[in-house]
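The residues making up each chain are set out below.
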Amino acid sequence: MRTCRAAESAVAGVLLVVSTLFLGCMGGEADEPPEPLDGVVMARQGQGLVDGSNITEYAASCRAELGRLTDATFNCRDGTLLHTTNTPDGLTCDKPVWLDLGGKYCVDNARLLKLKTSNPNTEARVICRRYKAGLDTSESFQDVAIVVANKTSGATCYFQALSGSGADLNGKNVPNPMADPASADAAERAAATAATAFYISPERLRDNSSLHCSKCHDSDPWMHSPYIDQVAASADGLPAGFKKGKYKLVEEAYLTNGGRGWPKPESVTTAQVKDGDGNVGNQECTTCHRIGTKNTCADWFPRSVDKAAIPGRNAANGVWPKSHWMPEVLPATKAKFHTLYDNHIKALECCCTTPWKLGCTTFTDLTDLTKKRQGTGAVDFKPGAQKCVDGTTGEVALGVSIAPIIVAARGSGENSCTSPLTAPLCASFTIERTDLEGITTTLTEGPNGDPLMACASHPQSPYPGPHESFLPLEPGDLVTLSAPQRYAFADNHDLLEFVGWQVSENCPCANGGSTTCQFRTRGSRHWYGTDPELPEVTYEGDPEGFHCQALYQRTEVCRVPDAGVDAGTDAGVDAGYDGGPVDAGWDGGVRDAGMADASVDAGMADAGIADAGVKRCDGGVSVRVPFGAGGPTPVEDCEATEQPEEPEEP
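Residues numbered from 1 in each chain as written. Predicted model: local features only at pLDDT ≥ 70, side-chain atom pairs only at ≥ 80, totals over all residues. Heavy atoms only, no water.

Enquirer: So, the sheet that holds strand S3 (residues 110–115): which residues are in play, and what are the values?
Expert: Strands sit in the order S2-S3-S4-S6-S7-S10 across an open sheet of six strands; the sheet is mixed. Each having just a single partner strand, strand S2 (80–82) and strand S10 (248–249) make up the two edges of the open sheet. Pairing between strand S6 (residues 143–150) and strand S7 (residues 155–162): seven bridges, direction antiparallel. Paired with Ile146 across the two strands is Phe159, which belongs to S7. (Pairing = 2+ DSSP bridges. Helix = DSSP H or I, 4+ residues; strand = E, 2+ residues; numbered from the N terminus.)

Written as structure tokens, this is what we have:
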């Protein structure tokens with residue numbers, strides 16, 4: 001994993017969380033349980049490496065993808081000295097090794113050496129470690145670890161030798177692990193033979209979980225720490241040019257095969273984050289480099305920002321600013337550090353632990369960054385357990401409105417179309433929001449403190465005081481929409497019935513006629529912003545805003561004449577007589593002529609017209625027709641016998 005050096009990036013003060021010491025994930029680490037695999041683990045069909053009992057075949061694969069290491073042997077002490085400045089007891093130091101060296105972290109006099117390669121795009125480094133105190137003049141080492149990586153293809157090979165409980169390793173004539181046993185050069189052939197005995201076999205590296213190189217080297221080949229980067233400016237310092245480049249394991253299929261195989265390198269990032277100053281921006285910790293999902297997430301990242309103790313670090317180096325290794329350019333004060341980066345750290349810690357949550361993206365193939373797995377929330381998530389980013393970083397707008405045809409709500413027990421249109425019809429909504437600490441709040445008011453609702457507008461049905469129909473949403477919010485009145489009146493007193501919410505891309509309510517709708521937000525589709533060095537990460541989430549509308553339709557019940565009111569007088573005389581003009585929508589357009597309605601049968605019953613809950617029959621006797629919860633239900637209390645046949649309703 002890389003730091004963001006001045007020569008590589010113009011970003012200053014960016015939170016750069018890096019990982020650990022160069023190579024090697026051994027010593028004191030417990031075995032991890034096998035991870036579930038998709039489908040059946042197949043036999044090594046189609047894999048290049050067949051015999052993993054020694055490094056010969058693996059070395060051939062490495063040469064094919066990386067080129068050659070040109071020297072048959074090398075001397076560890078030709079490398080640059082790596083110091084740990086110790087306190088008198090030697091148990092703590094200023095730059096401890098981040099790798100557990102058998103319970104020790106401050107063993108001095110290791111060496112870092114650059115090896116020559118035949119391919120200009122391939123870099124190789126070897127670290128020769130000491131697990132026990134010894135003079136620098138000694139040729140004895142307890143650990144020799146090598147990384148060879150190509151900056152164009154990302155292909156990477158790992159080799160390691162350990163003395164264990166046996167004799168120390170001779171660091172003076174270390175054999176080239178990629179030497180060709182069929183080489184025309186006798187020295188290389190001899191090195192190839194010696195390498196089979198010197199280095200741990202691929203099979204053992206694969207099957208012993210404490211030797212899984214990709215646990216530590218989980219985001220790219222090169223691991224950084226204050227210890228290893230103390231010699232960054234030397235010729236042996238770790239190479240540049242790999243920043244967010246491709247990364248893959250040579251013979252990956254073999255090394256990652258089975259439940260005890262190496263983890264495949266993956267990295268994680270988060271949606272945009274709002275810092276303590278209110279600025280929303282891309283995840284700072286992945287601006288310059290990746291964050292691998294294994295040991296980088298678990299150890300190196302929290303150690304870099306003083307969120308986890310660094311074993312072996314002395315007290316003087318545990319105090320600001322030495323306590324914080326990242327970002328490389330620190331703010332002026334520790335308080336400013338927390339303002340700028342705490343939310344970024346919190347979001348990334350969450351995605352490292354639970355990458356399935358909303359606001360997280362995992363890159364599952366570091367040679368093809370279009371292959372990513374978005375956080376989707378757990379199927380059976382609990383409140384507070386479904387997101388890793390909150391605040392304004394993932395806003396989606398919500399608006400609620402009602403169809404323009406709506407005028408007034410039908411009050412409880414109101415059955416007459418003579419009623420005034422003064423009862424406002426409103427759709428309301430509430431938001432149940434859970435923060436990252438798991439605290440749940442139900443919001444019923446908008447940003448200005450007014451109720452969350454939208455109401456119909458009509459001169460006789462004014463808006464009921466101040467209210468708000470828009471609220472910025474956060475990912476993971478549970479939205480509840482409600483249209484309390486199933487029935488309403490239009491401006492001509494037609495009865496209207498709720499038929500459902502507008503169902504479209506911008507309203508996730510399922511249709512079906514329920515006056516209540518619930519849905520949970522996921523974060524907007526462009527929640528991740530862009531990275532100039534990566535393809536745009538477009539989140540497969542919600543649209544930029546929601547606009548849900550309560551829809552009503554006419555029931556063809558209670559259509560009044562003119563602008564007046566049918567008083568139900570004898571012989572069906574229209575008390576709303578308008579001097580003879582055509583009644584609007586009444587009696588099929590027949591002119592009133594100031595007398596009885598043309599559809600009235602000799603002063604007897606109206607033509608069966610139900611006037612807003614009133615049914616005429618038997619010579620003008622009125623019978624109430626109540627409206628039930630399921631809609632207008634006529635009550636047939638009128639005797640059909642001895643009545644003239646009534647015409648159909650218009």
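Enquirer: Describe the pairing of strand S24 (residues 495–501), listing the residues and the values that go with them.
Expert: Burial within S24 is extensive, with five of its seven residues counted as buried. With three bridges joining them, strand S23 (residues 487–489) and S24 adopt antiparallel strand pairing. Counterpart to Tyr487 in the pairing with S24 is Glu497. If you look at the hairpin formed by S23 and S24, you'll find five residues sitting between the two strands, and His493 has a positive phi there, around 70°. Bridging between S24 and strand S26 (residues 545–554) involves five bridges; their strand directions are antiparallel. Each residue of the ladder has a partner; that of Glu497, found in S26, is Gln553. (Buried < 20%, exposed > 50% of the residue type's maximum accessible area, 1.4 Å probe, protein only.)

Enquirer: Mind laying out the state of the cysteines, listing which residues take part and the relevant values?
Expert: Using the criterion set out here, one finds nine disulfides in the structure. The disulfide bridge from Cys297 ends at Cys352, spanning 2.0 Å between sulfur atoms. Judged by the sign of its S-S torsion, about -70°, the bond between Cys297 and Cys352 is left-handed. Here Cys297, found in helix H6 (residues 295–304), pairs with Cys352, found in helix H7 (residues 334–353); they are 55 residues apart in sequence, far enough to count as distant. Looking at Cys352, the relative accessible area reads 16%, which means it is buried. Covalently, Cys509 is tied to Cys517 through a disulfide, its sulfur atoms 2.0 Å apart. (Disulfide = S-S within 2.5 Å.)

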